Amino acid sequence: MDIRITRVADLSDRCHLNRWELLRYGSNPENIAVDLRASLDRDVPRERLALVLTATYTYMRGMIKRPLLEYAVVAEFEIPEMSGYVKFTPSHETVSVPPSLMNLMLCVAVGALRGMIARKTSGTPLENHPLPLINISSLVSKLIYGERADNRVVPLEEPVCG
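Residues numbered from 1 in each chain as written. Predicted model: local features only at pLDDT ≥ 70, side-chain atom pairs only at ≥ 80, totals over all residues. Heavy atoms only, no water.

K.L.:
Just to check I follow, could you spell out the pattern of salt bridges for this structure?
P.N.:
It is possible for side chains bearing opposite charge to pair when their charged atoms get close. For the structure on display, the rule yields eight salt bridges. With a shortest N-O distance of 3.2 Å, D43 and R46 are connected by a salt bridge. We classify R46 as partly exposed; its relative accessible area is 48%. In this structure, E76 engages R48 in a salt bridge whose closest nitrogen and oxygen atoms are separated by 3.1 Å. On the criterion of sequence distance, the pair formed by E76 in strand β5 (residues 64–78) and R48 in strand β4 (residues 48–61) is long-range, its members being 28 residues apart. (Salt bridge = Lys/Arg side-chain N within 4 Å of Asp/Glu carboxyl O. Buried < 20%, exposed > 50% of the residue type's maximum accessible area, 1.4 Å probe, protein only. Helix = DSSP H or I, 4+ residues; strand = E, 2+ residues; numbered from the N terminus.)

K.L.:
Would you explain the nonpolar core in this entry?
P.N.:
A general trend in soluble globular proteins is that nonpolar side chains are found buried together. Ranked by internal contacts, the top residues of the largest apolar core, which has 39 residues, are L53 and L113. Elements represented by at least two residues in this core include exactly α1 (19–25), β3 (32–43), β4, β5, α2 (99–121) and α3 (136–145). Core analysis: the next-biggest nonpolar cluster, separate from the first, contains six residues, L11, A50, V52 and A72 among them. (Core = buried A, V, L, I, M, F, W, Y, C linked by side-chain atoms within 4.5 Å.)

K.L.:
I'm lost on the pairing of β4 in this one. Help?
P.N.:
Note on strand geometry: in a regular strand, side chains alternate between the two faces of the sheet. For β4, a buried count of 13 out of 14 residues is recorded, marking the element as mostly surrounded by other parts of the structure. Pairing of β3 with β4, which is carried by 12 bridges, proceeds in the antiparallel orientation. Among the inter-strand pairings, A33 is bridged to a residue of β4, identified as T58. Following β3, the chain reverses through four residues before pairing antiparallel with β4; E47 in that reversal takes a positive phi of roughly 55 degrees. Here 14 bridges tie β4 to β5, and the two strands are oriented antiparallel to one another. Bridge pairing in β5 places L49 opposite F77. Joining the antiparallel neighbours β4 and β5 is a turn of two residues, in which G62 adopts a positive phi near 60 degrees. (Pairing = 2+ DSSP bridges.)

If you want it as structure tokens, here you go:
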């Protein structure tokens, strides 16, 4: 399979650092939850797939989940003869991606997300809270077989594999 990265960028309209909540949060090193969501966009005529990965940092204050950071990146890949590897339902609502390709795409997107979050949170109380380690192989396996990820793996909530 021939694959090429065509673009890696943050999605500025989906990148928010909630400064007010950060002030209220202070320097408390505890109780930050990180949620990871993913979606696939496709450009079939140009044989491209774009993986959008969004991390959301939250904490509990007064029994309410408060947002600290939302950050999204897109990693776009050109895959010649994509129809031989990636399958779409007739309505294009479900995408089936081979595990090896999904693993590769997630590795690139998670690495980009980790670096961009580190840059964005520099000088803030979140500076010492990088994106947690993620076992990509376990994550891809759990996505394919529909199992819930264990406590040490941040689950992807939106289906990205058919």
